[in-house]
Amino acid sequence: MRRIVRIRRVVAITLTCSVAALANADESSISIVRGYEGMSRYADAATYAEPKAYSALFHRHVFQRYEQQCAGPGSTRQTSRNWLLSPINDIGALHKALEQIRHSDATERILEAAERAARELPGGPVTICVFAYPPDIESSAFVADVMGGAMGF
C-alpha cells in the first residue's frame, strides 16, 4: 500500500480510509465508498449554519449515510463509529481538503493498491470508505506529516 502514502506528497490531501471488512478480496469484490461526498454535503450545509448545528448536520450527512457500510466489524467498529460521530468544525479547511480530493486520483490509487493487495492476500469482499481526514483535530498534523496524508482503520 505504499502508493496510498504517496497521495499526500502528490496532491497535498489528507484521507482516511476505513476498511469495512476483515478479510481481503479479489479485485472483483472490492468496492469504494466515497464518504467524502457526504462530507461535502455536510460542509455545504454547515457553511450556512451556526456551529451548534454542526453535530446534527454531520450526523445526518455523514454518520447516518455511512455508518452501516463503513464502521467495520470487530475490534475497529467502535473506533470508526466514534470517528463518524465527530463533526468537523473548521468548515473552510474541510472545503479545501474536499476540493483537493475531488481534483486528485486518490480513489483510483486506493483501488489500485487494494487490488494489488488482494492478488497477494485473497479472501472475501472488502469495502473501502474514503473520507477527508478532519483538518481541525490534533492528530491531523501527524497524519499529514508522518503518515503521508493517508490513514486507515
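Just so it is clear, the model here is predicted, and its values are computed rather than measured.

**Q** Help me get a handle on the packing of helix α2 (residues 35–47) against helix α3 (residues 54–70), residues and values and all.
**A** Where α2 contacts α3, the axes come no closer than 9 Å and their chain directions differ by 160°. Relative to α3, α2 is oriented roughly antiparallel. Once α2 is placed against α3, the crossing between them reads as right-handed. Counted together, Gly35, Glu37, Gly38, Met39, Arg41, Tyr42, Ala45 and Ala46 of α2 and Tyr54, Leu57, Phe58, His61, Val62, Arg65 and Tyr66 of α3 form the full contact between these two elements.

**Q** Give a description of the packing of aromatic side chains that names residues and reports values.
**A** Applying the stated rule across the entire model yields three aromatic pairs. Ring centres of tyrosine 42 and tyrosine 54 lie 6.2 Å apart, and the angle between their planes is 80°; this geometry places the pair in the edge-to-face category. Of this pair, tyrosine 42 sits in helix α2 while tyrosine 54 is found in helix α3, placing the two residues twelve residues apart along the sequence. The class for tyrosine 42 is buried, based on a relative accessible area of 0%. With centroids separated by 4.9 Å and ring planes inclined at 90°, the aromatic side chains of tyrosine 42 and phenylalanine 58 adopt a geometry described as edge-to-face. With tyrosine 42 in helix α2 and phenylalanine 58 in helix α3, this pair connects stretches of sequence that are 16 residues apart.

Conventions used here
Each chain carries its own residue numbering, running from 1 in the direction its sequence is written. Where totals are concerned, whole chains, interfaces and linings use all residues; where local detail is concerned, this predicted model gives features only for residues with pLDDT of at least 70, and gives and counts side-chain atom pairs only at 80 or more. No hydrogens and no water enter the side-chain calculation; it runs on all heavy atoms of the structure. All axes are obtained by fitting lines to C-alpha atoms, using only the stretch in contact for helices, and the reported angles, taken between N-to-C directions, cover 0 to 180 degrees. Segments assigned H or I by DSSP are reported as helices when at least four residues long, segments assigned E as strands when at least two residues long, and all are numbered from the N terminus. Note on angle classes: values under 35 degrees are labelled roughly parallel, values over 145 roughly antiparallel, values of 65 to 115 roughly perpendicular, and the remainder oblique. Crossing chirality is assigned from the near helix's rotation relative to the far helix, an anticlockwise turn below a right angle marking it left-handed and a clockwise turn marking it right-handed. Here a residue-residue contact requires only that any non-hydrogen atoms of the pair lie within 4.5 Å. By convention, a stacked pair of Phe, Tyr or Trp rings (six-membered ring in the case of Trp) has centres within 6.5 Å and planes under 30 degrees apart, an edge-to-face pair has planes over 60 apart, and any other such pair is tilted. Using a 1.4 Å probe on the protein chains alone, a residue whose accessible area is under 20% of its type maximum counts as buried, one over 50% counts as exposed, and one in between counts as partly exposed.

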